[in-house]
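Per-entry structural report
These are the residues of each chain, in order.
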Amino acid sequence: MRRWLCFLILFAALPLFLPAQEIMPLAEVKPGMAGIGRTVFRGDRPEEFPIEVVDIMRNFYPKRNLIIIRLKGEKAEHTGVAAGMSGSPIYIDGKMIGALSYSLAIFVREPLAGVTPIEEMLEIFGHEDTRDRELALFVPPPPNKFLEMALGLTETTWENFAPQDLLQARAARLGTLRPIDLPLAFGGMQPRLTDLAATLLQPAGFQIMSSGSVASAVNYDAESAALLQPGAAIGAVLMTGDTDIEALGTVSYRRDNRVLAFGHPFFNSGPVEMPISLAKILLIVPSDIGSFKMGVSSSLVGALRQDRTTGIFGVIGEPPVLTPLTVRYTDEIGQTSQFEFRFTEERTINTLMPLIMRFVLVNALESGRLATGENSLQLTGGIQLQSGTKISLDDFYPGFTPISGFGFLSGILKSTGEVASTVGAIMANNFQPAKIARIDLNFTSIPGRRSATIEQVWIDRSEVEPGDTVTVFARVKAFQGPEKLLQQKLAIPRHADGRFLTINVGGGDDMTQLELRTAPGRFIVRNLQQLLTILQDRRRNDFLYYQLRQPDQGLIIDGEQLSSLPPSIYSILQSQNLKGNASFAREQILTEARQKITIATAKAATLPSAAFAVSGLKTLRIKLRS
């Protein structure tokens with residue numbers, strides 16, 4: 001009862017802008033007019049600051065106008081136009097003229113800013129009428145490298161995760177007259193990762209900052225929603241839970257349960273669906289380069305539904321359902337830490353979310369470690385789709401993985417890179433939406449660098465006939481440890497043909513790289529089911545693979561191999577340049593087997609089930625008698 005009484009007293013004390021929110025048309029706005037702006041300088045209560053209209057800039061953008069104002073008052077003049085003020089409503093004689101939205105330059109001597117006229121922002125309401133028609137049109141995401149990274153064909157560098165098309169489209173709107181930067185708050189994130197995020201995202205107009213976290217529910221909070229008045233701080237939520245990530249701005253206008261904010265686009269994506277939150281501002285950090293609000297998301301209050309040139313539009317009420325991500329980390333002494341997150345699957349930013357997810361995963365694993373030394377990681381778990389399909393992510397990562405031309409990649413960076421890129425390959429596929437039900441990941445830290453290399457490979461005979469069985473021997477050596485001899489029997493199929501057969505023995509990544517060189521068409525997918533199949537069948541690091549091949553005259557079309565084409569047809573095709581989804585196949589895989597690598601070490605008694613990641617590739621030829 002006391003809680004609700006305090007809430008009613010607070011609500012009664014708020015300025016009643018909803019019924020009195022009159023509009024002043026742009027035609028009535030004149031240079032020299034004085035007014036006020038409203039924004040949050042600290043906490044969650046908006047404050048007023050004086051403004052003066054300098055002039056009107058017409059057609060600064062096709063069919064768009066801008067009101068140039070000068071900010072006044074002690075606080076506004078001290079901070080200038082700060083990132084996070086985007087959307088701050090501006091009033092003259094009690095009537096709203098627009099929302100603070102554009103900065104004019106850096107190192108300015110006066111706090112000048114641009115205001116988006118309110119009439120142009122109200123146009124966003126009309127886009128709700130065509131929302132369903134726009135959403136019905138599936139727009140494929142821009143080209144990305146998620147599938148290649150997930151399969152180990154491309155390195156999982158941070159730069160490969162940056163959604164260049166999305167960020168460049170946003171950066172294209174930046175200039176001398178540019179949208180006010182949006183603070184992208186990383187709550188509960190290590191400073192090193194926040195700095196890395198700034199390197200990747202700041203050029204696109206984001207002010208990346210560390211922030212704290214406020215425990216927030218994932219359901220609608222009516223008390224917080226009542227505080228979401230013009231001038232209040234609002235967040236567009238990307239991730240919530242043990243790490244909170246959201247873009248911060250200001251509410252411009254509210255009509256019943258509908259709000260406008262920012263005064264400029266987030267990504268200008270059109271119809272969207274992601275949570276919005278009431279934010280709390282800790283302080284404004286003044287800077288000559290660019291002041292910014294430092295804040296945190298306090299509670300979810302609704303759904304962002306439109307992202308347009310003149311602002312964003314949201315509806316107060318139940319937020320969209322977020323996808324759960326659970327991460328469990330078990331350290332070397334058996335103590336488990338559990339992290340819970342929920343993230344948006346908004347389709348228009350599905351090339352950005354894998355980068356956000358990788359930041360979160362690296363942050364969780366590094367915070368759970370006992371020390372900074374590198375141990376090996378055993379990963380179990382997977383991705384559960386709403387369709388019922390499950391993609392296994394089980395794998396093993398040694399302390400350091402050698403990367404050609406790059407040096408060494410730690411187990412944490414490699415594992416999180418492959419997990420996030422697998423999620424990205426599904427979310428940002430070019431075929432159809434594939435919603436994720438949940439993601440569960442279990443990381444177990446194992447002391448030491450548990451990697452092994454293939455030292456030698458041989459076979460028990462030099463000639464075989466169709467129907468025979470050949471035994472392949474492989475000697476692998478653990479890093480700074482003992483050797484182990486393995487053997488694997490391979491049956492020669494009765495339909496085997498040719499003078500020679502090839503036997504390849506290698507680690508998972510090495511075998512996949514070999515396929516990329518010899519049959520790149522095998523990794524071209526043409527539908528969602530092919531994509532899910534190739535992700536499910538990807539090779540693991542802790543298995544040694546044995547592959548038997550024979551020469552072939554075939555084609556790979558849509559990822560499927562057509563083998564043993566008639567010589568006449570193959571000769572005709574060979575004289576032509578294949579285009580599109582077809583490529584030549586000069587070898588056919590007859591069979592593939594695998595063995596899990598475990599090597600007895602001095603600590604085997606305490607860690608009997610620990611695996612080893614194996615690398616290397618060896619090739620043998622064996623004569624086939626017809």
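Refer to the structure above for everything that follows.
Predicted model only: the values in this text are computed from it and were never measured.

Our focus in this paragraph is helix α13 (residues 411-427). Between its first and last C-alpha, α13 extends 24 Å over 17 residues, near the 24 Å set by a 1.5 Å rise per residue. For α13, the buried fraction is high: 16 of the 17 residues fall into the buried class.

The strand order β28-β27-β25-β33 describes an open sheet built from four strands, whose pairing is mixed. Here the strands that pair on one side only, and so sit at the sheet edges, are β28 (483-491) and β33 (613-615). The mean inter-strand angle of the sheet, taken between neighbouring strand axes irrespective of direction, is 35°. Relative to strand β27 (residues 469-478), strand β25 (residues 451-459) is paired through seven bridges, and the arrangement is antiparallel. Residue Q456 lies in a different strand from β27, and its bridge partner there is R475.

Here we take up the pairing of strand β15 (residues 292-308). Across the 17 residues that make up β15, a large majority, 15, are buried. Bridge count for strand β14 (residues 270-285) against β15 is 13 bridges, and the pairing is antiparallel. Bridging from a neighbouring strand, I276 pairs with G302 of β15. The sheet contact formed by β15 and strand β16 (residues 311-316) spans six bridges and is antiparallel.

Within the chain, K63 stands out as a residue other than glycine whose phi angle is a positive 65°. Turning to its location among the elements, K63 is positioned in the loop between β3 (47-61) and β4 (64-71). Accessibility expressed as a relative area gives 74% for K63, which makes it exposed. Of note in the backbone geometry, D256 takes a positive phi value of approximately 55° without being a glycine.

The rules behind each value
- Residues numbered from 1 in each chain as written.
- Predicted model: local features only at pLDDT ≥ 70, side-chain atom pairs only at ≥ 80, totals over all residues.
- Heavy atoms only, no water.
- Helix = DSSP H or I, 4+ residues; strand = E, 2+ residues; numbered from the N terminus.
- Expected span 1.5 Å × (residues − 1).
- Buried < 20%, exposed > 50% of the residue type's maximum accessible area, 1.4 Å probe, protein only.
- Pairing = 2+ DSSP bridges.
- Axes fitted to C-alpha atoms, helices over the stretch in contact; angles between N-to-C directions.

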